[in-house]
Amino acid sequence: MNTKKRNFDVLHDGSLTKSVAFTREEREQLGLRGLLPYSVANQDMQVTRVMHGLRRKAYDIERYILLSALQDRNEKLFYKVVIDHIEEVMPLIYTPTVGQACKEFSHIFKRSKGFYITPEDKGEISKILDNWPEKDIRVIVITDGQRILGLGDLGANGMGIPIGKLALYTACAGIKPHQCLPVMLDVGTNNEDILNDVLYLGYPKKRLEGDAYFELVEEFVTTIQKKYPDALIQFEDFLTPNAYALLNKYKERVLCFNDDIQGTASVALAGVYASTRITNTDFKDLKIMFLGAGSAATGIADLMISAFMDAGLTKEEAAKHLWFVDINGLVVSGRDDLMEHNMPYAHDHEQLNFMDSIKSIKPHVLIGATGAPGTFTKAVIEEMAANNERPVVFALSNPTSRAECTAEQAYTWSNGKAIFASGSPFDNVTFNGTEFRPGQGNNAYVFPGIGLGAISCKAKIIPDELFLTAAKTLAQLVKQDDINSGSLYPKLTEIRKLSLEIAIAVADKAFELDLAQIDKPKDLRQFISDYMFDPQY
Ligand code: NAD
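No experiment lies behind these values; they were computed from the predicted model shown. (Residues numbered from 1 in each chain as written. Predicted model: local features only at pLDDT ≥ 70, side-chain atom pairs only at ≥ 80, totals over all residues. Heavy atoms only, no water.)

### A look at the pattern of salt bridges
So, step 1. One pass over the full model with this rule turns up 33 salt bridges.
So, step 2. Residues Lys227 and Asp130 are paired through a salt bridge, measuring 2.8 Å at the closest nitrogen-oxygen approach. Residue Lys227 is found in helix α12 (residues 210–227), and its partner Asp130 is found in the loop between α9 (125–129) and β2 (139–143); the two are separated by 97 residues along the sequence.
So, step 3. Judged by its relative accessible area of 25%, Lys227 is partly exposed.
So, step 4. Linking Glu512 and Lys509 is a salt bridge whose minimum nitrogen-to-oxygen distance equals 3.3 Å. One end of the pair, Glu512, and the other, Lys509, are both in helix α23 (residues 495–512), three residues apart, so they sit about a helical turn from each other. (Salt bridge = Lys/Arg side-chain N within 4 Å of Asp/Glu carboxyl O. Helix = DSSP H or I, 4+ residues; strand = E, 2+ residues; numbered from the N terminus. Buried < 20%, exposed > 50% of the residue type's maximum accessible area, 1.4 Å probe, protein only.)

Okay, structure coming up:
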């Protein structure tokens, strides 16, 4: 091992240690004899030991704490555990368990990870960033904690989100751990319960808002561009209006994106593309209806406009394929309660309720993004099945308890005809002797690969074309086996390969669009896969 460190300095260094897997030679060389039990384990045995410990815990939050401690103690082992057991461990280090971890952040806090900026740091962000030990930062995930998952304003307790997302960047796409920077833009919180919590660790004031807020973000972004010019900034879990304001402000001049808007759109579009392989339809002929007209649904529709244009339609023609129904019914022109982002989709049509909208428009694809559970009723699914041989139904609302309908309901009410996908995972369903594996439109299918592709070619920005490319690539990677079992997404166990393919396609597209800032490597695949962090000792 190439280090000058010895004894406990190497044994207790999370990025160097192999713990009981140090060989006899390494123990001799690094002054570890006597500091470890006799047996030399291998990494797989260590993974088994961690999994035993994990499964013995009674609650997921305890599993989260165990894994978080492992990440500090032995980085490579942590990532090996995540990669080898991705389906079991992803929900523990990310949603849904990370939601609980955020709620309890100030109570379970042990060791600081990530970087905190408060209004008191105004004018000094550059100076305090010098305290961060790593200089070669490539991916930054930043939140201000105002809309953490479906949990609302959690203030600085939301730090679990950037930490969790970056762990997925490393596990899924091999971004090197020391090149990741989780950032909490702690501008306060308006959550009274949190402000009254004596253990709260964040900036204990009401949120900074308006110009002062945007100036602080601007200082952060410009500082990052100077200090870490190759870094990608991912905005995460900002309140919808701020999310759009920041994205629109920076997307054309900074290497950045918003996963809630653009990552969600890409993964949903991939699912719709994949569904055409089951329904044998041409994408450009699809009529798509959204229940819910908020940021998630609008983000998906906006990317679908690009997808229809890519298939040969004009922007105006594309919009006509996309229909919205919100809490007040069909989104149509003449309604006086619509927001700016609804306008491109407000068509000339009589205003109808949801059920009558389905009867009148007869969509092929129904996408729910309402946060309103049970809104895909039996009558809704039956109507979709009456109009389509294979109706495509996405119930994207999270968590599971908020889904518009369950997987079982979709299959049962459609008599096994529905092609179903969801935001949160559902177990397999057996209906009339057939086993269906519902696909999960998990953003982790796309954001790590997009990030890897963008940083490896040093892309200047990430335009919609790259999210479209990621969606097409992901859809092509869905295997016939997955399709046969009714799933629109590949298995998560394939995630490293999927991320690599997405990264290659994204980087390739960035070169084509003249956005890359390096010379194109002769072998792009080799170049990107050589970069990827491998947690094997
Ligand atoms: P939002 O608050 O911006 O929008 C919600 C929309 O739903 C609004 O237009 C509202 O009018 C509509 N709505 C609410 N109740 C309704 C009802 N009963 N009938 C019809 N319309 C109704 O929220 P958002 O950020 O767009 O998120 C919506 C949901 O999408 C959340 O539950 C979130 O978990 C989910 N989501 C999933 C993914 C994913 O699966 N990858 C990603 C992002 C968001």
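What follows continues from the structure just given.
### What to know about the sheet that holds β2
So, step 1. With parallel pairing, five strands are arranged side by side in an open sheet as β1-β3-β2-β4-β5. The outermost strands of the open sheet, each flanked by one partner alone, are β1 (115–117) and β5 (256–258). Averaged over all adjacent pairs, the angle separating strand axes in this sheet is 20°, with direction ignored.
So, step 2. For strand β4 (residues 232–235) and β5, the ladder comprises three bridges, and the chain directions are parallel. Looking at the pairing, Ile233 lines up with Cys256 of β5. (Pairing = 2+ DSSP bridges. Axes fitted to C-alpha atoms, helices over the stretch in contact; angles between N-to-C directions.)

### A closer look at the site of the ligand
So, step 1. Not every one of the 20 residues close to the ligand is listed here, only the nearest: Ala293, Ser295, Ala296, Asn398 and Asn443.
So, step 2. Residue Gly294 places a main-chain N or O atom 3.3 Å away from an oxygen atom belonging to the ligand.
So, step 3. One nitrogen or oxygen atom from the main chain of Ile327 is found 3.2 Å from a nitrogen atom belonging to the ligand.
So, step 4. Expressed as a share of its isolated accessible area of 870 Å², the protein-covered part of the ligand is 74%. (Near = heavy atom within 4 Å. Polar contact = N/O pair within 3.5 Å; in protein donor to acceptor, adjacent residues only side chain to side chain. Areas by Shrake-Rupley, 256 points an atom, 1.4 Å probe, with all protein chains shown as cover.)

### Things to note about the pairing of strand β7 (residues 322–326)
So, step 1. Most of β7 sits out of view: five of its five residues are buried.
So, step 2. Side chains Leu322, Phe324 and Asp326 project from β7 onto one buried face, and the interleaved Trp323 and Val325 project onto a second face that is buried too.
So, step 3. Sheet topology places strand β6 (residues 288–291) next to β7; four bridges connect them, and they run parallel. Paired with Ile288 across the strands is Leu322, a residue of β7.
So, step 4. Bridge analysis of β7 against strand β8 (residues 329–330) gives two bridges, and the strand direction is antiparallel. Note on β8: the bridge partner recorded for Val325 is Leu330.
So, step 5. Counting the residues that bridge the hairpin from β7 to β8 gives two residues.

### Regarding the sheet that holds strand β14 (residues 439–440)
So, step 1. The strand order across the open sheet formed by seven strands is β8-β7-β6-β9-β10-β11-β14, and the pairing between neighbours is mixed. Strand pairing shows two members of the sheet lacking a second neighbour, β8 and β14, which therefore form its edges.
So, step 2. For β6 and strand β9 (residues 365–368), the ladder comprises four bridges, and the chain directions are parallel. Among the inter-strand pairings, Leu291 is bridged to a residue of β9, identified as Gly368.
So, step 3. Here helix α14 (residues 259–279) sits on the sheet and contacts β6, β9, β10 (392–395) and β11 (419–422); the angle it forms with β10, its principal contact strand, is near 155°. (Contact = heavy atoms within 4.5 Å.)

By themselves, these observations are geometric and do not establish any function.
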